[in-house]
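Architecture and fold: a report
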Amino acid sequence: MSRRIFLTGATGFVGRQVLRSLLDNDVSVVCAVREGSQDKLPASSKVERCVLTSDLFAENESWWKRELEGIDIVVHVAWYAEPGKYQSSQKNLDCLIGTLNMARAAAHSSVKRFVVFYVCCLCDYVVLFIVCCLFVYGYCLIVLYCLLFVVYCLFVCFVACLS
């Protein structure tokens, strides 16, 4: 029996590559995409369905519980990324809160793995975190670590700008 994977960000830069890789395996994929972008998904019998939302990060925990029913693995790739704006945008906080709602729902569902891709472009460095958590505790620690890392990078950039 193939695993059911819930993928966020499937039409984005990183998410398209993740989807392509998933489609090469014996899995069934449910893609959460922004309304109007579902046509960007490849035609494949392995894409079980598309979950449409106007704002993935505005969805509450009960919405997530409903959408994650019967899902084995969540692969979370989506995040706000508007060139020139995303590094200082308050929308990052919305993404964080929305991701926590998703993680809470996953913890109370059939989800066995919660994989998070986090790409950070600060100070001309690109950092990619790929985290697979089995438990909410581990996910919370990773979120805390990522936040501390971002604060550190912002501090380093600020100091570099002063000199």
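Our structure's up above, just so we're on the same page.
Everything numeric in this text was worked out from a predicted model, so none of it was measured.

By the definition in use, this model includes three aromatic pairs. Between the aromatic rings of Phe57 and Trp79, the centroid separation amounts to 6.0 Å while the plane-to-plane angle is 65 degrees, which identifies the pairing as edge-to-face. Taken as a pair, Phe57 in the loop between strand S3 (47-53) and helix H2 (61-67) and Trp79 in the loop between strand S4 (73-76) and helix H3 (91-107) lie far apart in primary sequence, 22 residues in all. On the basis of relative accessible area, Trp79 is assigned to the partly exposed category, the value being 31%. Members of the aromatic cluster, each reached through a chain of ring pairs, are Phe6, Trp63 and Trp64.

Taken as a whole and judged by the stated rule, the model has four salt bridges. A salt bridge links Glu61 to Lys65, with the shortest nitrogen-to-oxygen separation between them at 3.7 Å. Here Glu61 pairs with Lys65, and both are found in helix H2, just four residues apart, close to one helical turn. Here Arg104 ties to Glu61 by a salt bridge, and the two come within 3.5 Å at their closest N and O atoms. In this pair, Arg104 sits in helix H3 while Glu61 sits in helix H2, placing the two residues 43 residues apart along the sequence. Beyond isolated ion pairs, a larger network of salt bridges with shared partners links Glu61, Lys65 and Arg104.

Another point: the nonpolar core. Phe6, Trp64, Leu68, Ile71, Val74 and Phe114 are the most contacted members of the largest nonpolar core, which has 21 residues in total. Listing elements by their share of this core, those giving two or more residues are strand S2 (27-34), H2, H3 and strand S5 (113-122). With five residues, the single largest contributor to this core is H3. Leave out the neighbours within four places in its chain, and Phe6 touches Val30, Ala32, Val51, Trp64, Glu67, Leu68, Ile71, Ile73, Val74 and Val75.

What counts and how
- Residues numbered from 1 in each chain as written.
- Predicted model: local features only at pLDDT ≥ 70, side-chain atom pairs only at ≥ 80, totals over all residues.
- Heavy atoms only, no water.
- Phe/Tyr/Trp six-rings, centres within 6.5 Å; stacked < 30°, edge-to-face > 60°.
- Helix = DSSP H or I, 4+ residues; strand = E, 2+ residues; numbered from the N terminus.
- Buried < 20%, exposed > 50% of the residue type's maximum accessible area, 1.4 Å probe, protein only.
- Salt bridge = Lys/Arg side-chain N within 4 Å of Asp/Glu carboxyl O.
- Core = buried A, V, L, I, M, F, W, Y, C linked by side-chain atoms within 4.5 Å.
- Contact = heavy atoms within 4.5 Å.

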